[in-house]
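Here's the letter readout for the chains.
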Protein chains: 2
Amino acid sequence: MKLSEFLTSAEELARRNAPAHPIVMSSRVRLARNLRGTTFPGWAKKPDRIKTCEKIQAAVESLPQMTGAFSQSMDALPALEKQILVERHLVSREHAAKGAGSSFVLSRDETLCVMINEEDHLRMQSLRPGLQLSEAWRAIDEVDSALEKRLDYAFSPELGYLTACPTNLGTGIRVSAMLHLPGLVLAEQVNQIIQAVNKLGLAVRGLYGENTEALGNLFQVSNQMTLGESEAALVEKLGKVVTQIIEQEENSRAVLLEKKPKVVFNHIGRAYGILASAHIISSKEAMNLLSLLRLGIDLGLFPGVPLALVEELFLVTQPAHLQFRFADKLSADERDILRADMIRERLRTVNRPQPPPAAPPLDNPGET
Amino acid sequence: MKLSEFLTSAEELARRNAPAHPIVMSSRVRLARNLRGTTFPGWAKKPDRIKTCEKIQAAVESLPQMTGAFSQSMDALPALEKQILVERHLVSREHAAKGAGSSFVLSRDETLCVMINEEDHLRMQSLRPGLQLSEAWRAIDEVDSALEKRLDYAFSPELGYLTACPTNLGTGIRVSAMLHLPGLVLAEQVNQIIQAVNKLGLAVRGLYGENTEALGNLFQVSNQMTLGESEAALVEKLGKVVTQIIEQEENSRAVLLEKKPKVVFNHIGRAYGILASAHIISSKEAMNLLSLLRLGIDLGLFPGVPLALVEELFLVTQPAHLQFRFADKLSADERDILRADMIRERLRTVNRPQPPPAAPPLDNPGET
């Protein structure tokens, strides 16, 4: 079976994820683990990496959670399918660039994914829609416990789990939530929030992790430290901060709607207008405009339009997902045209945002 | 009667003008004349200016063409109504700034307007929709001949009609056409055309005459020289050049549609989308987007939508026309909101531009 046949369709995935939370797009917990007495992937020779990879992959595949899973060596995966995994946040950009000696195992429901021989021997993650940090933690904790019975982890009683990079040492955990913060961006308060979050020892990043732009007003908040606190404490701490950011975002939206409703309607209206009628649109512009459309749906300006529509367009307009739909290799210019065609087509049945109270009737100089 | 009660409504004016020509918005001929033995307005003392003004105004009002005309001293005209005359191209910006001792006479059908004591004692113009240079010339020539029987013009057998500025000496004629050239602008050929037209001794200016921007892709082409050729020859010459520019514009549109249809549809679609859904829009942006909407109507992308709609919006969204509709003095920010409200309201019944052949149906990775 090819990965593209295994993956849930974007439409189905969007339907499944959309009702989860208006502001938190997804919750994720990943654990970094390594095998005792085995060279870290970055230092290991290729034959050793391949051997380790096969050993780990067999262990992961044997887990009950991985019944019906899809696993593949990175060298056997076409570039386009790698990119689709990145766009779905299932593997990292770095892992997508790997070849023989690295692989991944993806659970049937796409909520669990284990990268093998990324920076560490194992990077296992649980990805769930909406605000489900504890649920994501529990799911990956079970995977970890089950694997620990099958594999001999590199563990120090003093330092905890050993990792290739010291920033992951100890628990090896990274807890993160992807937040949609258009209100804070429009109110120009988002940098203030980022600074406050940084002071709490948490990181705020763009859509695709470190050093990436905050496209589509999406921000990923995650823990920086992995040492000195229990996994459960870290999950709880991130959850509290996320709850506070949600409140700030809701507050921003309320203040904007009260103080500058026209500015909000203008942003949303223009975004809708361009999406519904453009014939050429880049991936970045589409994401930024879809973010405003999502805000409009959240604010009730598009009655009857499901959030799933935006979720789906968000996914299918990204370069690899778009390329996948077409047999021929597309240039960036061609993608921009097909992306616009697809968005226009999907918004054909979506009416203009419900305007605020109408302006007085048209009246001209010269009319008596 | 107030000027605002006299003026034709923008809606009626648009209906009257719109079917005239797809590319030529209007044709205009103006003549500069002065009275013999009378100081030019710029050098005359105020009491003399007032005396001259009254004398000329009486002569103009007595013309059969001016039956039912509206005339008023510039000092008696509210600033807002002056600005409305400027937005309708009936008086110059310079004349609108004048006070006592200057006036204007506007014919019942608004096609003839005589400015008294602008730069010259008389600046009489004929303004017609579409490509009607000869008709405009004939109409103003008749006014001029009739006035010459009532007033003693400053005329030199060698130099012709004397004028305050030597650039108007001789015939005192300025023939101009307002052209809508979005095709040449999109194809980035308009500067080339302007240079070619300049070499023929003609001037190309923006919407409101000298030193103004080419807003809304509108360009005014006019003769520079007033000496050494007959009025009829100058009118004919301008007519020939305008015909050539029309051909160039039509050619640009055809080439764009053939070579870059998506670029054209994209510009028109986005313009429509923003106009139909924005809640804040400046006068300049509105004009530039309405220009593209007009292009879309010309190209058949909005079946059933009359050009008059764009003509009307073009006029009523300009600052003074917009201000006129509302009792309270508006700030620029308030105007931008009311302008957007008005445009959205008027485009409510205008459907999205007819798209070119539809994209293939939505199809996602994971669908089998």
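> Account for the domain arrangement of chain A, naming residues and giving values.
Residue and element names in this part refer to chain A. What the domain assignment lists for chain A is domain 1 (3-252) and domain 2 (260-346). One C-alpha centre belongs to domain 1, the other to domain 2, and the line joining them spans 26 Å. Across the domain 1 to domain 2 interface the summed buried area is about 2200 Å²; carbon plus sulfur atoms make up 68%. Counting across the domain 1 and domain 2 interface gives 0 salt bridges. At the surface where domain 1 touches domain 2, the tally comes to 9 residue pairs in polar contact (both at pLDDT 80 or more).

> An account of helix H14 (residues 332-347) of chain A is needed here, citing residue identities and associated values.
Under the 1.5 Å per step criterion, the end-to-end length of H14 of chain A is 22 Å for 16 residues, consistent within 8% with the ideal 22 Å. When H14 of chain A is considered as a whole, its buried residues turn out to be Arg-335, Asp-336, Leu-338, Arg-339, Ala-340, Asp-341, Met-342, Ile-343, Arg-344 and Leu-347 of chain A. The inward-facing, buried residues of H14 of chain A abut helix H10 (261-277), helix H11 (283-298), helix H12 (307-316) and helix H13 (319-324) of chain A together with helix H10 (261-277) of chain B.

> Before we move on, could you go through the sheet that holds strand S5 (residues 122-129) of chain B and cite the residues and values that matter?
Residues and elements named next belong to chain B. Strands sit in the order S2-S3-S4-S5-S1-S8-S10-S9 across an open sheet of 8 strands; the sheet is antiparallel. In this open sheet, the two strands that pair with only one neighbour each are strand S2 (70-73) and strand S9 (202-205). Pairs of neighbouring strands in the sheet enclose a mean axial angle of 15°, with direction left out of account. Of the strand pairs in this sheet, S9 and strand S10 (residues 218-223) are connected by 4 bridges, and their pairing is antiparallel. Bridging across to S10, Leu-202 finds its partner in Asn-223. Its contacts with the sheet place helix H6 (residues 133-150) against strand S1 (24-33), strand S4 (112-116), S5 and strand S8 (173-180), and it is angled at close to 150° to S5. Across the sheet, helix H8 (residues 190-199) touches S9 and S10, and the angle it forms with S9 is around 150°.

> Lay out the pairing of S5 of chain B in plain terms, naming residues and giving numbers.
All names here are of chain B. Most of S5 is tucked away, with 7 of its 8 residues classed as buried. Of the pairings in the sheet, the one linking S1 to S5 comprises 8 bridges and is antiparallel in character. Bridge pairing in S5 places Arg-33 opposite Leu-122. Two strands pair when backbone bridges link them, and S4 and S5 are joined in this way by 5 bridges, in the antiparallel orientation. Paired with Met-115 across the bridge in S5 is Arg-123. Between the antiparallel neighbours S4 and S5 lie 5 residues, among them Asn-117 with a positive phi of about 55°.

> Please provide a residue-by-residue account of the pattern of salt bridges, values included.
Oppositely charged side chains are able to pair whenever their charged atoms sit close together. Residues and elements named next belong to chain B. One pass over the structure, following the stated rule, counts 36 salt bridges over all chains. Note that Lys-240 is salt-bridged to Glu-236, the shortest N-O span being 3.5 Å. Taken together, the positions of Lys-240 and Glu-236, both in helix H9 (residues 231-259) and 4 residues apart, correspond to about one turn of that helix. When its relative accessible area of 53% is taken as the criterion, Lys-240 is described as exposed. You can call Glu-236 partly exposed: its relative accessible area is 49%. Here Glu-311 makes a salt bridge to Arg-294, at a shortest N to O gap of 2.8 Å. Here Glu-311, found in helix H12 (residues 307-316), pairs with Arg-294, found in helix H11 (residues 283-298); they are 17 residues apart in sequence, far enough to count as distant.

> Account for the packing of H12 of chain A against H14 of chain A, with residues named and values stated.
Residues and elements named next belong to chain A. Running from N to C, H12 and H14 cross one another at 170°; their axes reach a closest spacing of 11 Å. Here H14 runs roughly antiparallel to H12, going by the angle between their axes. Residues Leu-309, Glu-312, Leu-313 and Val-316 of H12 form the contact with H14, whose participating residues are Met-342, Ile-343, Arg-346 and Leu-347. Within the contact of H12 with H14, the residues separate by chemical class into 6 nonpolar, no polar and 2 charged.

What counts and how
Every residue gets a number counted from 1 within its own chain, in the order that chain's sequence is written. Just so you know, chain letters begin at A and ligand numbers begin at 1, following the order they were written in. Given that the model is predicted, a residue must reach a pLDDT of at least 70 before its local features are reported, and side-chain atom pairs must reach 80 or more before they are shown or counted; all residues, however, enter totals for whole chains, interfaces and linings. Side-chain measures were taken over the full set of non-hydrogen atoms in the model, leaving aside hydrogen atoms and water. Domain boundaries shown here were taken from an automatic or database domain assignment. Summed over both partners, the accessible surface that disappears when two parts come together, traced with a 1.4 Å probe, is what is meant by buried area. Salt bridges are identified by distance alone: a Lys or Arg side-chain nitrogen within 4 Å of an Asp or Glu carboxyl oxygen. Here a polar contact is recorded for every N or O atom pair within 3.5 Å, except that within protein the pair must consist of a potential hydrogen donor and a potential acceptor, and residues adjacent in sequence are included only if both atoms are side-chain atoms. Secondary structure elements follow DSSP: runs of H or I of four or more residues count as helices, runs of E of two or more count as strands, with numbering from the N terminus. Take the residue count of a helix, subtract one, and multiply by 1.5 Å to get its expected span. Classification of residues uses two cut-offs on accessible area relative to the type maximum, computed with a 1.4 Å probe and protein chains only: under 20% is buried, over 50% is exposed, and between them is partly exposed. Residues are treated as being in contact if the distance between any of their heavy atoms lies within 4.5 Å. Pairing between strands is defined by DSSP: at least two bridges between them are needed. Throughout, an axis means a line fitted to C-alpha atoms (over the contacting stretch in the case of helices), and angles, computed between N-to-C directions, take values from 0 to 180 degrees. Throughout, the term roughly parallel applies to angles under 35 degrees, roughly antiparallel to angles over 145, roughly perpendicular to angles from 65 to 115, and oblique to all others. Side-chain classes are defined by residue name, with Ala, Val, Leu, Ile, Met, Phe, Trp, Tyr, Cys and Pro counting as nonpolar, Asp, Glu, Lys and Arg as charged, and the others, Gly among them, as polar.

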